[in-house]
Amino acid sequence: MLDTGFYDTLSRLQLRMSHKSSLNVSGNRKSVRKGNSTEFSDFREYMPGDDLRRMDWNAYARLDKLYIREYMEEKEAVVTVLLDTSASMDYGTNSKAELAKDLAAVVSFLALNNMDRVQIYDMKDMSRPFLALGGRSAFAGVLRWLENVEFVGEVDMLSAARKMRCRGAGVTVIISDFLHPDMVEKQEEKSGYEKLLQYLNYCGQRPVILHTMAKEELHITLEGALNLIDAETKSRLRLVVDAKAIDSYERELKRFTERMKKGCASGRGAYVLCDTGRDRKQLVFQDLRVIYDI
């Protein structure tokens, strides 16, 4: 997991939303409910990253303490994290599973720091999401939950997504390697990935795809005659890896990721290819900039 100093820097950022919140719960998101934008609701203590334009300087002059003004039209949003916990994620010198947990922690922190509600799903068991709300104080519970997640077995991603609880507009973040048969492109009909994005759009969700890949999958160094074993089904494939095979693999991988990126953009979402070999700070503060309100 990432250190405290990392999260202190992260607190300056906020997840981007494409829809206004429809929940009738106080938070920091603009609501679809109409109201007087100058109608005062409450004060709360200032936290690093808060908008200084909302600072109450008169209160500071009286109390020598920083407070932020909150207004009635601001509501909380729901940020949903769908975490692929299939066995294929537990691969790599720097495993995809560890990166996936770090990414889930980052997204959850950003949401809670902005007083949004978080629900995290282990995609193998969609009946029991982990719920967190109430600000940064709830983040410790998120970390404990993530520490206990196991990456085993198989996941039906499309079926799992259709079981999530949608409560109004929000953001749904999917963290996966997408190495599943149902996610592969089909010629005569939409792929599972396209159906997944279509369903999220139907639910009023802004899709954020964090495509987690091991550096060994992105930069092939294997060569010769190899027996490849599927991490989930245990099926075997005999394959000769040479320059021609590597070139073909890289072309298909590029086509696959470009299709995913294009599909996500059409749904007003964001796609980021997350390399396990990438430095965590560079990945979070540079590569993931497309998911933040800067």
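Look up: the structure comes first, before these words.
Not measured: the values here are computed from a predicted model.

All right, on to the packing of helix α6 (residues 192-202) against helix α8 (residues 243-266) then. Taken N-terminus to C-terminus, the directions of α6 and α8 make an angle of 20°; their axes are 10 Å apart at the nearest point. Viewed along their axes, α6 and α8 adopt a mutual orientation that is roughly parallel. Taken as a pair, α6 and α8 cross one another with a handedness that is right-handed. Contacts from Tyr193, Glu194 and Leu197 of α6 reach α8 at Arg259, Met260, Gly263 and Cys264.

Structurally, His180 is set in the loop between β8 (170-176) and α6. Among the polar contacts listed, one links the side chain of His180 to the backbone oxygen of Val155, at a separation of 3.3 Å. Discounting chain neighbours no more than four positions away, the residues touching His180 are Asp84, Ser86, Val155, Met157 and Glu232.

Let's shift gears to the packing of aromatic side chains. In this structure the tally under the stated criterion is nine aromatic pairs. An angle of 45° between the planes, with centres 5.1 Å apart, marks the rings of Tyr7 and Phe109 as tilted. Here Phe109 lies in helix α3 (residues 96-113) and Tyr7 lies in helix α1 (residues 4-10), a separation of 102 residues in the sequence. Classification of Tyr7 by relative accessible area gives buried; the value is 6%. A ring pair is formed by Tyr7 and Phe139, whose centres lie 5.0 Å apart and whose planes are at 65°; its orientation type is edge-to-face. Of this pair, Tyr7 sits in helix α1 while Phe139 is found in helix α4 (residues 139-147), placing the two residues 132 residues apart along the sequence. The pair Tyr7 / Phe139 is uniform in exposure class, with both members buried.

About the thresholds
Residues numbered from 1 in each chain as written. Predicted model: local features only at pLDDT ≥ 70, side-chain atom pairs only at ≥ 80, totals over all residues. Heavy atoms only, no water. Axes fitted to C-alpha atoms, helices over the stretch in contact; angles between N-to-C directions. Helix = DSSP H or I, 4+ residues; strand = E, 2+ residues; numbered from the N terminus. Parallel < 35°, antiparallel > 145°, perpendicular 65-115°, else oblique. Left-handed = near helix turned anticlockwise from the far one by under 90°. Contact = heavy atoms within 4.5 Å. Polar contact = N/O pair within 3.5 Å; in protein donor to acceptor, adjacent residues only side chain to side chain. Phe/Tyr/Trp six-rings, centres within 6.5 Å; stacked < 30°, edge-to-face > 60°. Buried < 20%, exposed > 50% of the residue type's maximum accessible area, 1.4 Å probe, protein only.

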